[in-house]
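Here is what each chain is made of, one letter per residue.
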Amino acid sequence: MLAVLLFLAGRSEARRLIPRKTKLTWVNGIAHLPEHMTDPTFVISTAFGNVDVDYCHNPSSMTSESDYIGFVKDGIQASTHQMGRITPEVDSLVEHLRAALAEVGKSGRVIHIAHSQGSVITWLAAKRLEPRECRRIEIISFGGAATISTSEFPFARCINYYAVNDPILNVVPSAVKALKS
């Protein structure tokens with residue numbers, strides 16, 4: 001994700017990606033401690049012309065970089081999300097997206113970036129949003145453990161990015177289909 005965003009940051013057209021009355025938000029995947037949120041937020045901001053970025057932190061069960069048990073717990077939780085389980089993280093993202101929509105007003109737009117498990121949380125949150133809310137949100141997903149599409153939700157736009165060597169391609173059939181498209 002960071003490599004793609006850094007690439008975009010060097011392109012002059014990136015500065016035109018954010019029209020007025022637009023809010024940029026993102027949600028992380030597994031294994032992100034609070035101190036891990038600063039660097040990706042900065043990179044995302046840079047890629048979109050140094051605009052403000054709000055994140056919705058998907059908390060990790062990890063207590064440190066070497067907490068492998070916490071990492072496994074995060075993976076298990078991500079698996080339950082893929083089965084449709086609604087958790088406080090999903091509710092938190094719904095509130096986050098609604099607050100961003102309120103901030104930009106009725107004619108504004110939210111661009112929401114989701115990474116890995118954050119894509120599954122976004123997919124679950126979309127089920128709780130009203131169609132009128134979805135129409136004002138654009139989704140950009142990187143390495144998503146769920147593929148989000150406008151055929152399933154009335155989002156303004158959905159883009160799903162996958163690397164050809166992304167391990168998620170081994171467990172998410174819709175990711176393979178999205179990569180081929």
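Here, every reference points to the structure presented above.
This report concerns the structure included in the present document. (Residues numbered from 1 in each chain as written. Predicted model: local features only at pLDDT ≥ 70, side-chain atom pairs only at ≥ 80, totals over all residues. Heavy atoms only, no water.)

**Structural notes on helix H3 (residues 68-82)**
So, point 1. For H3, with 15 residues, the first-to-last C-alpha span of 21 Å sits near the 21 Å given by 1.5 Å per residue.
So, point 2. Every buried residue of H3 is listed here: Gly70, Asp74, Gln77, Ala78, Thr80 and His81. One side of H3 holds all its buried residues, which, seen down the axis, span an arc of 160°. Of the residues in H3, the exposed ones pointing more than 90 degrees away from the buried face are Tyr68, Ile69 and Ile76.
So, point 3. The elements touched by buried residues of H3 are helix H4 (88-104) and helix H5 (117-126).
So, point 4. You can read the cap of H3 off the contacts: a side-chain oxygen lies 3.4 Å from the backbone nitrogen of Ile69, and it is on Asp67.
So, point 5. Trailing H3 by a residue or two, Gly84 shows a phi angle of about 100°, which is positive. (Helix = DSSP H or I, 4+ residues; strand = E, 2+ residues; numbered from the N terminus. Expected span 1.5 Å × (residues − 1). Buried < 20%, exposed > 50% of the residue type's maximum accessible area, 1.4 Å probe, protein only. Arc of directions from axis to C-beta. Contact = heavy atoms within 4.5 Å. Polar contact = N/O pair within 3.5 Å; in protein donor to acceptor, adjacent residues only side chain to side chain.)

**With respect to a nonpolar patch on the surface**
So, point 1. Judged by side-chain polarity, Phe71, Val72 and Ile76 come together as a nonpolar surface patch covering roughly 280 Å² of accessible area.
So, point 2. What makes Phe71 partly exposed here is its relative accessible area of 39%. (Patch = residues over 30% accessible without salt bridge, like charges linked within 9 Å, V, L, I, M, F, W, Y side chains within 5 Å. Areas by Shrake-Rupley, 256 points an atom, 1.4 Å probe, with all protein chains shown as cover. Salt bridge = Lys/Arg side-chain N within 4 Å of Asp/Glu carboxyl O.)

**A word on the environment of Ala146**
So, point 1. With respect to the element layout, Ala146 can be found in the loop between strand S4 (137-142) and strand S5 (157-161).
So, point 2. A residue is classified by how much of its surface remains accessible, and Ala146, at 10% relative accessible area, is buried.
So, point 3. Put simply, Ala146 and Gly118 are 28 residues apart on the chain and 8.7 Å apart in space, counted from C-alpha to C-alpha.
So, point 4. The residues contacting Ala146, other than those within four sequence positions of it, are Ser119, Val120, Trp123, Ser141, Asn160 and Tyr162.

**Observations regarding the side chain of His81**
So, point 1. Note that His81 resides in helix H3.
So, point 2. Taking the relative accessible area as the measure of exposure, His81 reaches 0% and is therefore buried.
So, point 3. Excluding its chain neighbours within four sequence positions, the residues that come into contact with His81 are Thr87, Glu89, Val90, Gln117, Val120, Ile121, Trp123 and Leu124.

**Regarding the environment of Tyr162**
So, point 1. In this structure, Tyr162 sits in the loop between S5 and helix H7 (173-180).
So, point 2. In this structure the C-alpha to C-alpha distance between Tyr162 and Thr147, which are 15 residues apart in sequence, comes to 10.0 Å.

**Brief notes about the packing of aromatic side chains**
So, point 1. One pass over the full model with this rule turns up 2 aromatic pairs.
So, point 2. Measuring from centroid to centroid gives 5.1 Å for Phe142 and Tyr161, while their planes differ by 15°, and the two rings are stacked. In this pair, Phe142 is assigned in strand S4 and Tyr161 in strand S5, connecting sequence segments 19 residues apart.
So, point 3. The interplanar angle of 55° and the centroid separation of 5.8 Å between the aromatic rings of Phe153 and Phe155 together place this pair among those described as tilted. Phe155 matches Phe153 in its accessibility class, with the two residues each being buried. (Phe/Tyr/Trp six-rings, centres within 6.5 Å; stacked < 30°, edge-to-face > 60°.)

**Examining the sheet that holds S4**
So, point 1. Across the sheet, which stays open at both edges, the 5 strands sit in the order S2-S1-S3-S4-S5 with parallel pairing between neighbours. The open sheet has two free edges, formed respectively by strand S2 (53-56) and S5, since each of these has just one partner strand. Sheet twist, expressed as the average angle between the axes of neighbouring strands with direction ignored, equals 20°.
So, point 2. Note: strand S3 (residues 109-115) against S4, 6 bridges, orientation parallel. When the bridges of S4 are listed, Val110 appears paired with Ile137.
So, point 3. The strands that H4 touches are strand S1 (22-27), S2, S3 and S4; relative to S1, the one it contacts most, it runs at about 165°.
So, point 4. Set on the sheet, H5 makes contact with S1, S3 and S4; between it and S3 the angle comes to about 135°. (Pairing = 2+ DSSP bridges. Axes fitted to C-alpha atoms, helices over the stretch in contact; angles between N-to-C directions.)

**A few points about the pairing of S4**
So, point 1. Extensive coverage of S4 is indicated by the burial of 6 of its 6 residues.
So, point 2. Across the two faces of S4 the burial is the same, with Ile137, Ile139 and Ser141 and Glu138, Ile140 and Phe142 all buried.
So, point 3. Strand direction decides the pairing type here: S4 and S5, joined by 5 bridges, are parallel. Bridged to Ile140 within S5 is Ile159.

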